[in-house]
Amino acid sequence: MTKVTHKILGLEAIVPETERAIVLKDGVFDSVLTPGRHMIGRFGNQTKFEVKAYTLSKDAIHSDLLSTLFRNHPDALGTILTTVETGEDEMAILSLDGTPRFIVAPLSRTMVWTDAGLWSAERVNLADGFVMTDAMSKRLMRVSSDFIKRFKVEHGQVGLLHVDGKLVGDLSPGGHALWSYGKVISVKLVDTREHALDVTGQEVLTKDRVSIRVNLSATYRVTDPVKAVTEVKDFHDALYRALGAAFRSSLATKTLDAVLAEKGAVDAEASATVVSDMAKAGIAVSGITLKDIILPGEMRDILNTVVLAEKEAEANVIRRREDASATRALLNTAKVMSDNPAMMRLKELEALEGIAEKVGTLTVHSGTKGLMTEIASLSAE
């Protein structure tokens, strides 16, 4: 550190390589001391000298005294201090040896020691926009600043950029850095991929005053992100309410029997209303389905009884139809045999063959002609 000692001839100051010193004479700027040994004033002189030492670092200078001295003595301090001043809509990136170190806000000034390294300033006009280029964003990755906000937009999303509450543009998938000095910057992410929505437990009163519950489903995709966030407060909630309202209106005009019998027609009628309404908000809706119709317990028991009775009646009709068909078949067979004795004999032989397979011994009296008219004696072996 700078060492100041009293000598016979006056004050002696030794300034190291890593420091600089300012000499004040009676409180007024006198000179700048560079590294080395310096003699200040003379012995016996009534003038008061003061030496202010400053560390030569890579950080910005935060000294009211140096700021005042630079303003009052720019020629003397201009060679040892590097300053960057910005305008109203301007920011500056202050770099040391090509590496960004500081960001200077609009209408402000930053000072650094010139001998700390090779300083350079890159100016940014905020009137050209708030979004940084990819190259600048990468350069400033390691610079900590309250003037930069970073956002990430995933694949399948669109980022809607708002400045002070006003929509000013959109951001594509990827990383983005934005200047935020003096502005409220926000990004609303909108997913443009296809999604499924389930609407469950919707209470509906049918035309014949039966209370039922229905479960619905639909798929949707955002086609116009700007409309989706400006036309409605929450497009997901808007779709949910639109599905419920459309199906309640459609089902309320039909009886329970019509709802159960024409489930597909109910879907088509309600779907047209939902698709039309949501298209105005930039939402494409498809695959609308009435998944389930849930009946109250008593009504479900009554319908089960009705269905059971209907099925039993259908079964009786089928049994009677089959009995009549079998009787007609036997009658037709008898008529054929009556008109055709040879066929009658074939049937007798088939019957005999069937009996022979089941018994050990078969005795036939009066020949085969009397097989059907005489008594057959069967004795098991």
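Here the structure is a predicted model, which is why all the values come from computation and not from measurement.

1. A closer look at the overall build of the protein chain
Scanning the protein chain for helices and strands turns up nine helices and 21 strands. Within the protein chain, buried positions represent 32% of all 381 residues. Accessible surface, the protein chain as shown: approximately 23,600 Å² in total, 52% of it carbon and sulfur.

2. Considerations on the pairing of strand β10 (residues 109-113)
Two faces, one strand: in a regular strand the side chains alternate between the faces of the sheet. Within β10, four of the five residues are buried, leaving the element largely enclosed by the surrounding structure. With five bridges connecting them, strand β7 (residues 81-85) and β10 associate as antiparallel partners. For leucine 81, the partnering residue across the bridge sits in β10 and is tryptophan 113.

3. Focus: the packing of aromatic side chains
Geometry of an aromatic ring pair is reported as the spacing of the ring centres plus the angle between the planes. For the structure shown, the criterion picks out three aromatic pairs. When the ring of phenylalanine 102 is compared with that of tryptophan 119, the centres are 6.0 Å apart and the planes differ by 20°; the resulting orientation is stacked. Of this pair, phenylalanine 102 sits in strand β9 (residues 99-104) while tryptophan 119 sits in strand β11 (residues 119-125), and the two are 17 residues apart along the sequence. Phenylalanine 102 sits in the buried class, given a relative accessible area of 16%.

4. With respect to the sheet that holds strand β17 (residues 195-205)
Spatially, the three strands line up as an open sheet ordered β17-β18-β19, and their pairing is antiparallel. Either end of the sheet is taken by a strand with one partner, and the two such strands are β17 and β19 (283-294). Mean inter-strand twist for the sheet, computed between neighbouring axes without regard to direction, equals 20°. In terms of strand pairing, β17 meets strand β18 (residues 211-222) through nine bridges, oriented antiparallel. If you follow valine 204 over to β18, its bridge partner there is isoleucine 212. Seen against the sheet, helix α5 (residues 235-251) touches β17, β18 and β19 and runs at an angle of roughly 40° to β17.

Parameters at a glance
- Residues numbered from 1 in each chain as written.
- Predicted model: local features only at pLDDT ≥ 70, side-chain atom pairs only at ≥ 80, totals over all residues.
- Heavy atoms only, no water.
- Helix = DSSP H or I, 4+ residues; strand = E, 2+ residues; numbered from the N terminus.
- Buried < 20%, exposed > 50% of the residue type's maximum accessible area, 1.4 Å probe, protein only.
- Areas by Shrake-Rupley, 256 points an atom, 1.4 Å probe, with all protein chains shown as cover.
- Pairing = 2+ DSSP bridges.
- Phe/Tyr/Trp six-rings, centres within 6.5 Å; stacked < 30°, edge-to-face > 60°.
- Axes fitted to C-alpha atoms, helices over the stretch in contact; angles between N-to-C directions.
- Contact = heavy atoms within 4.5 Å.

On their own, these measurements won't tell you what the molecule is for.
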